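Okay, here's what each chain looks like letter by letter:
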Amino acid sequence: GGSGSASTIKQVKLERESELRIEVGNDAPLRLRLLNGTAEIFGTELPPEIWLNFPPRLKFAVFTWFGATIEMDGATETDYTADEGPRVIVVGPTDSGKSTLSRMLLSWAAKQGWKPTFVDLDIGQGSITIPGCIAATPIEMPIDPVEGIPLEMPLVYFYGHATPSNNVELYKVLVKELSGMIERQFTGNAESRASGMVINTMGWIEGVGYDLLLHAIRTFKANVVLVLGQEKLCSMLKDVLKSEPKVDVVKLQRSGGVVSRNAKVRQKARSYRIREYFYGLSNDLSPHSNIANFSDLFVYRVGGGPQAPRSALPIGAEPAADPTRVVPVNINRDLLHLVLAVSFAKEPDEIISSNVAGFIYVTDIDIQRKKITYLAPSSGELPSKYLIMGSLTWLET
Ligand code: ADP
């Protein structure tokens, strides 16, 4: 934007479902008219070709569903079309301040009236939901310094492990599912799309970790890559992304205030996070202990198990485990102390492509009576009988 000196008429073409946000200058009114197409201001249609006068300092937006051309005459403080928002991805080693920076960017954007989508790909330390998941949620208000990210209706996919090396292929598939779902939601929500997203990533930046970062950058079509405190990672990404002209790679200093956490502290933080899911940050939630028959629930794990019998393979080839195969699991004492996800899938073959409703924690398995006791956020029936297990355990303390 910028404030023009002389009164200059300019035309702005708006693509379908985009918005032109305007702040009329301090000193003079703004004249505006619809040249062609259809457009509205906060729900009210603009009449064609008639000049409208807006007084100084007024802030408003012209939105078009199907495309329009607007003509403006006068000084505006800022004006920009908001069809595709920035897609910022924050990368860097563990404890470089990625989650913190993501949070700051989201809060600043929310404070300005945007509704950015927070995407958290860090399965080690989930800030949207429990560890072992990738998730997304719209941020409509600056993030509460105590409560953190609001937990209403996040979009969550369950990976089931705290490190991606357990099943790299599954991690990639879920990242793709999540981005596809967000893309679909953006199609129907111009405001979200215009607000863009902030994507937090894992601290694993070497080898496969680096491949996964690139995969995330490309899958989410990130156009700004913020690299925290790592010269080498920054130059590698700059180099590999230079053929993708719409991507800016920016190196930022790691804040001196970031606290380093060792593996043990990290493990503890995971455990607290799971506790928080069931009991709330300050014990303000009352989870419910439920009992079900083995026959009422269907537990699946993803990956493992041979893909094809040896006899069906070329001589000398080893049967590879299919990393995204959904395998039914018998309920037995191995499930004790596992955190299971409750899938929204309607059929077992939808498990990978479905997000999850929430989690349960297995507190007892009675083999004799074929009963499973579990902790759930509430009493009553689970939203689905399909449960997913991974390697995520928790010891209630
Ligand atoms: P990453 O996501 O890269 O692993 P985080 O953003 O989670 O790193 O930061 C690590 C820890 O440091 C967190 O507990 C965070 O709250 C804390 N932290 C970050 N910046 C500051 C700061 N400026 N002062 C104090 N603590 C900070």
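In what follows, the structure referred to is the one given above.
Looking at the ligand, the residues that line it are Pro 93, Asp 95, Ser 96, Gly 97, Lys 98, Ser 99, Thr 100, Ser 255, Gly 257, Val 258, Val 259 and Arg 261. Within the backbone of Val 259, an N or O atom sits 3.0 Å from an oxygen atom of the ligand. Taking 560 Å² as the accessible area of the ligand by itself, protein coverage stands at 66%. Tallied by class, residues from the shell around the ligand come to three nonpolar, six polar and three charged.

For helix 1 (residues 98-111), which comprises 14 residues, the first-to-last C-alpha distance of 20 Å matches the rise-based estimate of 20 Å (1.5 Å per residue) to within 8%. Those residues of helix 1 not exposed but buried are Lys 98, Leu 101, Ser 102, Leu 106, Ser 107, Ala 109 and Ala 110. In this structure, the buried side of helix 1 is in contact with strand 10 (87-91), strand 11 (117-120), strand 14 (197-200), strand 15 (224-228) and strand 16 (248-252). Of the residues one or two after helix 1, Gly 113 is the one with positive phi, at around 95°.

The next point concerns the nonpolar core. Judged by nonpolar contacts, the single largest core of 74 residues is most densely connected at Leu 121, Leu 178, Val 225, Leu 237 and Phe 359. Top contributing element to this core by residue count: helix 2 (residues 168-187), with seven residues. With residues up to four places along the chain from it excluded, the contact list for Val 225 reads Ile 89, Val 91, Ile 217, Leu 237, Leu 241, Val 247, Asp 248, Val 249 and Val 250. Counting residues in each nonpolar core, the second largest holds 20 residues, with Phe 294, Leu 340, Ile 372 and Ala 376 among its members.

All right, on to the pattern of salt bridges then. Under the criterion given, the structure shown has 14 salt bridges. Note that Arg 21 and Glu 19 form a salt bridge whose closest N and O atoms lie 2.5 Å from each other. On the accessibility criterion, Arg 21 (16% relative accessible area) is buried. Residues Asp 95 and Arg 266 are paired through a salt bridge, measuring 2.9 Å at the closest nitrogen-oxygen approach. Within this pair, whereas Asp 95 is found in the loop between strand 10 and helix 1, its partner Arg 266 is found in helix 6 (residues 263-279), the two being separated by 171 residues in sequence. You'll find Asp 95 and Arg 266 in the same group, each marked buried. Connected via shared salt-bridge partners are Asp 95, Arg 261 and Arg 266.

Cut-offs used in this document
Residues numbered from 1 in each chain as written. Predicted model: local features only at pLDDT ≥ 70, side-chain atom pairs only at ≥ 80, totals over all residues. Heavy atoms only, no water. Near = heavy atom within 4 Å. Polar contact = N/O pair within 3.5 Å; in protein donor to acceptor, adjacent residues only side chain to side chain. Areas by Shrake-Rupley, 256 points an atom, 1.4 Å probe, with all protein chains shown as cover. Nonpolar A, V, L, I, M, F, W, Y, C, P; charged D, E, K, R; others polar. Helix = DSSP H or I, 4+ residues; strand = E, 2+ residues; numbered from the N terminus. Expected span 1.5 Å × (residues − 1). Buried < 20%, exposed > 50% of the residue type's maximum accessible area, 1.4 Å probe, protein only. Contact = heavy atoms within 4.5 Å. Core = buried A, V, L, I, M, F, W, Y, C linked by side-chain atoms within 4.5 Å. Salt bridge = Lys/Arg side-chain N within 4 Å of Asp/Glu carboxyl O.

Take it as geometry only, folks, not as evidence of what the structure does.
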